[in-house]
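Residues per chain, in single letters:
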Amino acid sequence: MKIWLNGGLQDLDTARVSVLDHGLTVGDGIFETVKTVEGRPFALTRHLDRLARSARGLGLPEPDLDEVRAACAAVIDANPMLLGRLRITYTGGLSPLGSDRGDQGPTLVVALGEADRRPDATAVITVPWTRNERGALTGLKTTSYAENVVALARAHEQGASEALFANTVGQLCEGTGSNVFVVLDGEIHTPPVASGCLAGITRALAVDWTGAQETDLPLDVLDRSDEVFLTSTLRDVQAVHRIDGRELPGAPGPVTAKAMRIFDERAADDLDP
């Protein structure tokens, strides 16, 4: 495998980042995950725009998006595959121990791994921990991801693929790496960005393409929703067939199935919507 590291392609086995990189020592970094389909990235412009927003929010130097785009193209060309997970990581770079950022400049890594198509439906759990809708990192896609690692491990222990969080005021927020939608009386709703959820790329496209409403929702809406689905870069639109101990038989239901079909059709028509 070839990856891009700080200006050029390198072999995975020999590529090296300093052990004092701020992304490692304090989680001072941002990232994007981009789906690739037969050697072409999906929604890359939207992902790069969000990368730049996250950099500004974290106070990192503005990334050179032309360089990032070129790095993505080089890595995709060097690693042909049918369906891939392209990971762009951008960190504070070599820095002193502690929270102060160094002056050596940022680190840019772009890597690509093979991915499998997700099943049409999955199980999720809710977790007791909350998202802080007023935190310094709210809305930023940062490498400070340990909270998600813990929650996702609990989901896997319970036979689920995702864990859902409420925010600090008890509203439904998001998953560890996904946004959540619910169907009530035939209408699709999803938490607004103000809830503390990430402004997901797939979420935004699903809202635009399905007419979903952004609505403040209590966490217990999951107990009475007719249908529930998740969106993310590699899930696209994925139905939920179980939430904790509640089964949703027949998932994907008719509204979710239509959303899945619309998303697949629109995404196939335009790889950079």
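Refer to the structure printed above.
Residues numbered from 1 in each chain as written. Predicted model: local features only at pLDDT ≥ 70, side-chain atom pairs only at ≥ 80, totals over all residues. Heavy atoms only, no water.

Draft legend 1. Seen up close, the environment of Ala160. By the secondary structure assignment, Ala160 is in the loop between α4 (146-157) and β8 (162-167). Overall, the relative accessible area of 6% leaves Ala160 in the buried class. Taking the C-alpha atoms as reference points, Ala160 and Ala123, separated by 37 residues in sequence, lie 4.6 Å from one another. Once residues lying within four places of it in the same chain are set aside, the contact partners of Ala160 are Ala123, Val124, Ile125, Ala155 and Arg242. (Helix = DSSP H or I, 4+ residues; strand = E, 2+ residues; numbered from the N terminus. Buried < 20%, exposed > 50% of the residue type's maximum accessible area, 1.4 Å probe, protein only. Contact = heavy atoms within 4.5 Å.)

Draft legend 2. Up close: the pairing of strand β1 (residues 2-5). Across four bridges, β1 lies against strand β2 (residues 8-11) in antiparallel orientation. Across the sheet, Lys2 pairs through a bridge with Asp11, a residue of β2. From the end of β1 to the start of β2, which pair antiparallel, there are two residues, and Asn6 there has a positive phi angle of about 45°. (Pairing = 2+ DSSP bridges.)

Draft legend 3. The arrangement of the packing of aromatic side chains in detail. A full pass over the atoms with the stated rule returns four aromatic pairs. Both rings, one in Phe181 and one in Phe229, keep their centres 4.8 Å apart while their planes meet at 10°; by these two values the pair is stacked. Separated by 48 residues along the polypeptide, Phe181 in strand β10 (residues 179-184) and Phe229 in strand β13 (residues 227-232) bring together distant segments of the chain. Phe229 matches Phe181 in its accessibility class, with the two residues each being buried. Through pairs of rings, three or more aromatic residues link up here, namely Phe42, Trp209 and Phe263. Arg87 extends its terminal NZ or CZ atom over the ring of Phe31, reaching a point 3.9 Å from the ring centre. (Phe/Tyr/Trp six-rings, centres within 6.5 Å; stacked < 30°, edge-to-face > 60°. Lys NZ or Arg CZ within 6 Å of the ring centre and 35° of its normal.)

Draft legend 4. Inspection of empty space enclosed by the protein at higher detail. This model, assessed by the stated rule, comprises one cavity of 30 Å³ or more. The computed volume of the largest cavity comes to approximately 40 Å³. Lining the largest cavity, in full, are Lys35, Phe42, Ala43, His47, Ile201, Thr202, Thr233, Asp236 and Phe263. Across the lining of the largest cavity, the residue classes break down as four nonpolar, three polar and two charged. (1 Å grid on protein atoms, 1.4 Å probe; cavity = no way out; pocket = protein on both sides within 12 Å on 5 of 7 lines; lining within 4 Å. Points joined across faces, edges and corners; volume = space filled by probe spheres on them. Nonpolar A, V, L, I, M, F, W, Y, C, P; charged D, E, K, R; others polar.)

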